[in-house]
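Architecture at a glance
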Amino acid sequence: EYDTGKLVEYSQKTKELLGYCDEEMQKLNVLDWDKGFTSIEEYLKTVADLGEGPICLERKHTRKDGSVYDASITAVKIFSDRQPLLYASVRDVSVQKKIENDLVIANKKLQSLAQNVPGVVYIYQLFPDGKSRFPYASEHIKQIYGVTPAEVREDASKVYEALHPEDFDRVVVK
């Protein structure tokens, strides 16, 4: 129910995700699994953003056993017999969130390493048509070639322009 946050209908997957039996599910409202809401009023403020279209949000949901998962929610206000209802599609995105967090940590480690290594840490790509780029280059590329990593991310030609003519043939692979 839109005004109370009480479950009206739910899927088998929702029941499995939350870990409740049918009898328990029928007694639940949003405050039982979304501990981020401290009151129905707070929940209503969030769903008040529902106009004509759906909203997408991420929340932490708590299962019956107390474990918590990251939920990606798409919700839309619908009407049944003129009564407003909230239709929500929920996905457990905990694995995705962990991967995203792991990538952030790995990127921070790479940045730290790249800042402390003398010279440039880079990835260089040479394409069959002869074009090349540096999809990754540490900030030290500025000191050596006078270009920023962003300037050579898609096209390495600015690095070639910075090379001394006598070094060009030794450095550039044809």
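A brief structural summary. Note that the structure is predicted; figures quoted are calculated from it, not measured.

Reading guide: rules and limits
- Residues numbered from 1 in each chain as written.
- Predicted model: local features only at pLDDT ≥ 70, side-chain atom pairs only at ≥ 80, totals over all residues.
- Heavy atoms only, no water.
- Pairing = 2+ DSSP bridges.
- Helix = DSSP H or I, 4+ residues; strand = E, 2+ residues; numbered from the N terminus.
- Axes fitted to C-alpha atoms, helices over the stretch in contact; angles between N-to-C directions.
- Contact = heavy atoms within 4.5 Å.
- Buried < 20%, exposed > 50% of the residue type's maximum accessible area, 1.4 Å probe, protein only.

Topic: the sheet that holds strand β1 (residues 55-62)
In spatial order, the strands read β1-β2-β3; together these three strands make up an open sheet with antiparallel pairing. Among the strands making up the open sheet, the edge pair consists of β1 and β3 (83-92). Across the sheet, the mean angle from the axis of one strand to that of its neighbour is 40 degrees, orientation sign disregarded. Pairing between β1 and strand β2 (residues 68-80): eight bridges, direction antiparallel. Bridge pairing in β2 places His 61 opposite Tyr 69. Sheet contacts for helix α5 (residues 94-116): β1, β2 and β3; angle to β2, the most-contacted strand, approximately 130 degrees.

Re the pairing of strand β5 (residues 132-137)
Among the six residues that make up β5, five are buried, leaving the element largely enclosed by the rest of the structure. One ladder, built from four bridges, connects strand β4 (residues 122-126) with β5; its direction is antiparallel. Each bridged residue has a counterpart across the sheet, and for Gln 125 the counterpart in β5 is Arg 133. Where β4 hands over to β5, the hairpin turn is made up of five residues, of which Gly 130 adopts a positive phi near 95 degrees.

As for the environment of Tyr 122
For Tyr 122, the position within the fold is in strand β4. According to the relative accessible area criterion, Tyr 122 is partly exposed, its value standing at 48%. Taking C-alpha positions, Tyr 122 is 6.7 Å from Phe 134, a pair spaced twelve residues apart along the chain.

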